[in-house]
Amino acid sequence: MKRKRYKKWLTMEKKHTIEGYLFILPWILGFLCFFAFPFFQSVQLSFSNITKITGFEMQWIGLENYAKAFVWDVAFVPYLNQAITSTVFNMPLNLVFSLFIAMLVNRSIRFRGFFRGAFFLPVLLGSGFVLQQLLGIGVDQQATEVARGIVMPDEVLMYLGPNVINYVNSFMSRITIVFWSSGVQIIIFLAGLQSIPVALYEAAKCDGATVWESFWKITLPMMLPVILLNSIYTLVDSFTSSTNRVIEYMMFLKADINNYEYVAAIGMIYFIFVFLLIAIIFGLSRKSIYNLSER
Amino acid sequence: MQLNMRFIGVKSTLSKWNKSNPKINYLVSRMLSLRHSGTLIFRLVTYLLLFDLAFIFLYPFFYMIVTALKSPVDMMDITVNWIPRSLHTNNFTRALQSLDYFRGLLKTSFVTIFATIGHIISCSMVAYGFARYKFPLRDILFVLVLLTIIIPTQTLIISLIILYSKIGWLNNYMSLIVPTFFGFGLRGGLFIFIFRQFFLGMPHELEEAARIDGCNAFRTYWTIVLPVAKSALLVCTILSIVWHWNDFFEPAMYITKPALQLLPSKLPSLYEFLKRSLQQDSIVSDTFTLEGVVMAATFLVILPILIVYLFLQKKFMEGIERSGLIG
């Protein structure tokens, strides 16, 4: 009897709302415990000094930790600079190559399954210590030297002079790490390519478009949202990888408990830069998506 | 009549030309037909590129296996490149011993399995709420989900350490497992995003039918939606397993006791340990042995996920194509 009354009391819409909140309830709890609370504490910590280690009593000291990072600490700014430049330079390379590979694999080719499996494999190496060990030994350079030799033999490059060889070699050794970190991006691009309706290509072909033209007029515009997704993934991935100097530095600093407030400040600076970069990407992509829809 | 004669003439000159080898003629004509998308040259270049790229991607694995199987003598011998003279398993036994492999394997699998289960349950549920229900603040909350993807853990790490030390989760696997049950932990937001994209692309009819037949919301989700979402589940499971297995930052931060360390975190200390022990051991004190053992250890660390991936690879790829990750 009581239950019936309760049901009448709730309208259909209210019930719907409550059910929705129930589904995301675990996330809201997690957000409060594992995100919002630590985030605000980090902000607070970055502006203060720990006076008592037991119980973490803090004292407000203003911008001192931030000043320390930029003015006193000789190591931090170069590391930050390095992390940002390598990310900014590697991201476009990563996107271009992973889109290229995804398009190669998306064609009807033999051993398709093998290639798809192979291009995802380096993800299993992760971005942690396993990869660091390999890079320490210089496996990336060996891999590119052999691979480059197949496509562009040294004999051919000799005609272009030693400068070109050096240039190509240094470029290729930089690119291996990009390749190895592009597994997930390739897969996201593959999924995106699959979602483009075939009818568009067929129509373009009937109207006399070449493969090249249909890439620029169909594939690329249709893939813009996927490219946006991928560029953000790449950015976040490279900012959290262990080959990143800032992270190495933070792990080194964290060993001493007196550095906690300083590490928090570095973390906040780091986040601000990540956020700025993402905002720039969003701004650029909105403009380009808008331009394409104008056409 | 005349036309016909002329036609035959052209044909005969052509056939004279080709008499020597019709096969070559076919190939030449295929190569020259540039407008045809599948020309032979184009195909050859494609395959060359593909195999070349695949080589770069597979090289680390080949290198690891081959180096691990080399004896120190083979390492020094410059003529031994890919095929060791004899299969040298000493590196592996040594790595197994110094990694304390099987115990480490158990711990790492424990953490990985439970964290993955947490991610799958919580993220799919939360994503279902975001995809199928309309409630106030929904869009703002979803922007917050995206924010959790963007903000690196590094920013929060100190407060998390303080929090976990207060509730006694430092040096305890709880700190790695429990957040995943709330849609957090390692890239939890990304999984919510993937699941939401999938649910948005799914037709409503099945759920509506179930609701009309009197199925409640949670049961609809559990017995109707989840079984249909197999491909998204598979994709997320694999990604979650791989990422958790290889995660280095959070375990290194929370778990500092050597006895509790997970396999990947053991690698750097292993390297130091081996260096020291090799210096004492005067007979084999050279870096070549060290490299062999380190590669064997590295290979052993990723071997379990390699096996898991090879088994699920085909379905994983199908799942990615079908799941409509990009709506």
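Residues numbered from 1 in each chain as written. Chains lettered and ligands numbered in written order. Predicted model: local features only at pLDDT ≥ 70, side-chain atom pairs only at ≥ 80, totals over all residues.

On to the overall build of chain B, then. Within chain B one finds 16 helices and 0 strands. Within chain B, the proportion of its 327 residues that are buried is 39%. Partitioning the contacts of chain B with sequence separation of at least 6, the portion at a separation of at least 24 is 77%. (Helix = DSSP H or I, 4+ residues; strand = E, 2+ residues; numbered from the N terminus. Buried ≥ 20, exposed ≤ 12 C-beta atoms within 10 Å, placed from the backbone. Contact = placed C-beta atoms within 7 Å.)

The next point concerns the environment of Val184(A). Among the structural elements, Val184(A) can be located in helix 10 (residues 183–194). Between the alpha carbons of Val184(A) and Ile281(A) there is a distance of 19 Å; along the sequence they are 97 residues apart.

Here the focus is the interface of chain A and chain B. Each side of the interface is counted separately: chain A has 78 residues, and chain B has 73 residues. Among the residues forming the side of chain A that touches chain B, the class breakdown is 56 nonpolar, 19 polar and 3 charged. (Nonpolar A, V, L, I, M, F, W, Y, C, P; charged D, E, K, R; others polar.)

Residues and elements named next belong to chain A. With domains assigned, chain A is organised as domain 1 (2–11 + 15–46), domain 2 (73–127 + 184–294) and domain 3 (129–180). In this assembly, 10 residues from domain 2 lie in contact with 9 residues from domain 3. In the side of domain 2 that touches domain 3, the residues fall into 4 nonpolar, 6 polar and no charged. (Domains from an automatic or database assignment.)

On to the nonpolar core, then. Residues and elements named next belong to chain B. Of all hydrophobic cores here, the largest spans 141 residues; its most connected members are Phe195 and Ala297. Here this core gets 13 residues from one element, more than from any other, and that element is helix 16 (residues 287–322). With near-sequence residues (within four places) excluded, Phe195 lies in contact with Cys123, Ser124, Ala127, Ala232 and Cys236. (Core = buried A, V, L, I, M, F, W, Y, C linked by C-beta atoms within 7 Å.)

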